[in-house]
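# Understanding the architecture of this molecule
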Amino acid sequence: ILFYRISTQRSLNDKNFSALCYQDKAEIIVQDLQKEYPNLVSSIRQLWDETTESLSYFPLKVEDRFIGILTVQSHEKNAYSENQLNVLRTLASYIGIAIDNADAYKNLSKKNKQLNENIEKINSLNEGIERERQKSEKLLLNILPASIAERLKAGENVISDFFPEATVMFADLAGFTKMSAKLASPEKLVIILNEIFTEFDEVANRYGLEKIKTIGD
């Protein structure tokens, strides 16, 4: 008992029982090869066996889908009884369903794998977008007061507030340029500036002040 699929155009056009079974979508039962198909004896025996006398081909179909062929060969003439043929027809039906289910599971697994890969890519992109959003928000908060930054994010384009009374403090790091020139590395300068700005931010938060802008030389 053999099962195989027709997978090339050449095999579909060849003059053989497999091509006939596929083209007609019907079973082929040969009880006496030499008598019924003398023109195909040499090619069949070359393909299968020198002593092939009987053979049968059953199309494997699920609904209208052609899946493959089940073929049974015999060294004897008139090898198949009607009961045996009915068994083979039933077997062909079960094999067709089993293979179709296996193909469906394989395709579903492939699609699930692709879906999971796409989800991972989307999650990675979302994480990157979130990191960039946090960087942008942090940069915005370093430039503008938090309340103004929130209003800009909410969609306000022109922001103008009126305060009847206000006190503005301007703080300058005297001698900053000379001091920075004497430092051993840029990293040391950044550490010092971070400490100073952090202290200013804590004071501003403690007393409800708003830092308008940080500028440098």
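Residues numbered from 1 in each chain as written. Predicted model: local features only at pLDDT ≥ 70, side-chain atom pairs only at ≥ 80, totals over all residues. Heavy atoms only, no water.

## Focus: the overall build of the chain
- Regarding its fold elements, the chain presents 8 helices and 4 strands.
- Against the globule reference of 17 Å for 217 residues, the chain gives a C-alpha radius of gyration of 41 Å, more extended than a compact globule.
- Along the longest, intermediate and shortest principal axes, the C-alpha atoms of the chain span 115 × 45 × 25 Å.
- For the chain, the residues scored as buried account for 24% of the 217 residues in total.
- Within the chain, residue pairs in contact and separated by at least 24 positions form 51% of the contacts whose partners lie at least 6 positions apart.
- Between the averaged position of the 27 positive side-chain charges in the chain and that of its 32 negative side-chain charges there is a distance of 4 Å. (Helix = DSSP H or I, 4+ residues; strand = E, 2+ residues; numbered from the N terminus. Rg over C-alpha atoms; globule rule 2.2 N^0.38 Å. Buried < 20%, exposed > 50% of the residue type's maximum accessible area, 1.4 Å probe, protein only. Contact = heavy atoms within 4.5 Å. Lys, Arg positive; Asp, Glu negative; His and termini not counted. Charge placed at Lys NZ, Arg CZ, Asp CG, Glu CD.)

## Structural notes on the packing of aromatic side chains
- All chains considered together, the criterion is met by 3 aromatic pairs.
- Ring centres 5.7 Å apart and planes at 35 degrees place the aromatic pair F17 and Y57 in the tilted group. Placement of the pair is F17 in helix α2 (residues 17–24) and Y57 in strand β3 (residues 54–62), with a sequence separation of 40 residues.
- The exposure class assigned to F17 is buried, which follows from its relative accessible area of 0%.
- Between Y22 and F66 the ring centres are 4.8 Å apart and the planes differ by 85 degrees, which places this aromatic pair in the edge-to-face class. With Y22 in helix α2 and F66 in strand β4 (residues 65–74), this pair connects stretches of sequence that are 44 residues apart. (Phe/Tyr/Trp six-rings, centres within 6.5 Å; stacked < 30°, edge-to-face > 60°.)

## As for the pattern of salt bridges
- All told, the structure shown has 11 salt bridges when counted by the stated rule.
- Among the salt bridges present, the one from R89 reaches E82, with a minimum N-O distance of 3.2 Å.
- Where salt bridges share partners, they join E130, R133, E137, E150 and K153 into one cluster. (Salt bridge = Lys/Arg side-chain N within 4 Å of Asp/Glu carboxyl O.)

## Notes on unusual backbone geometry
- Backbone geometry places K25, a non-glycine residue, at a positive phi of 50 degrees.
- Along the chain, K25 falls in the loop between α2 and β2 (28–30).

## Details of the pairing of β4
- The buried count for β4 comes to 8 of 10 residues, which makes it a mostly enclosed element.
- Looking at chain direction, β3 and β4 are connected through 9 bridges and run antiparallel. Bridge pairing in β4 places S54 opposite S74.
- The antiparallel pairing of β3 with β4 creates a hairpin that spans 2 residues between the two strands, and E63 there sits at a positive phi of about 60 degrees. (Pairing = 2+ DSSP bridges.)

## Digging into α2
- Inspection of α2 places F17, S18, A19 and C21 among the buried residues, and these make up the whole buried set.
- Residue N16 occupies the N-cap position of α2, its side-chain oxygen lying 3.2 Å from the main-chain nitrogen of S18. (Polar contact = N/O pair within 3.5 Å; in protein donor to acceptor, adjacent residues only side chain to side chain.)

## Examining the environment of K153
- Relative to the helices and strands, K153 resides in helix α6 (residues 146–153).
- Each residue touching K153, except ones within four places of it in the same chain, is listed here: E137 and L140.
- Side chain to side chain, K153 and E150 meet in a polar contact 3.1 Å long.

## A few points about the environment of E127
- Tracing the backbone shows E127 in helix α5 (residues 82–143).
- The exposure class of E127 is partly exposed, given its relative accessible area of 47%.
- It is 71 Å that separates the C-alpha atoms of E127 and E36, two residues lying 91 residues apart in sequence.

## Some words on the packing of α5 against α6
- At a minimum axis distance of 8 Å, the contact between α5 and α6 shows a crossing angle of 130 degrees. In terms of orientation, α5 and α6 fall into the oblique class. Classified by chirality, the crossing of α6 by α5 is right-handed. Contacts between α5 and α6 involve E137, L140 and L141 from the first element and A146, A149, E150 and K153 from the second.
- Each residue belonging to the contact of α5 with α6 can be placed in one class, and the counts come to 4 nonpolar, no polar and 3 charged. (Axes fitted to C-alpha atoms, helices over the stretch in contact; angles between N-to-C directions. Parallel < 35°, antiparallel > 145°, perpendicular 65-115°, else oblique. Left-handed = near helix turned anticlockwise from the far one by under 90°. Nonpolar A, V, L, I, M, F, W, Y, C, P; charged D, E, K, R; others polar.)

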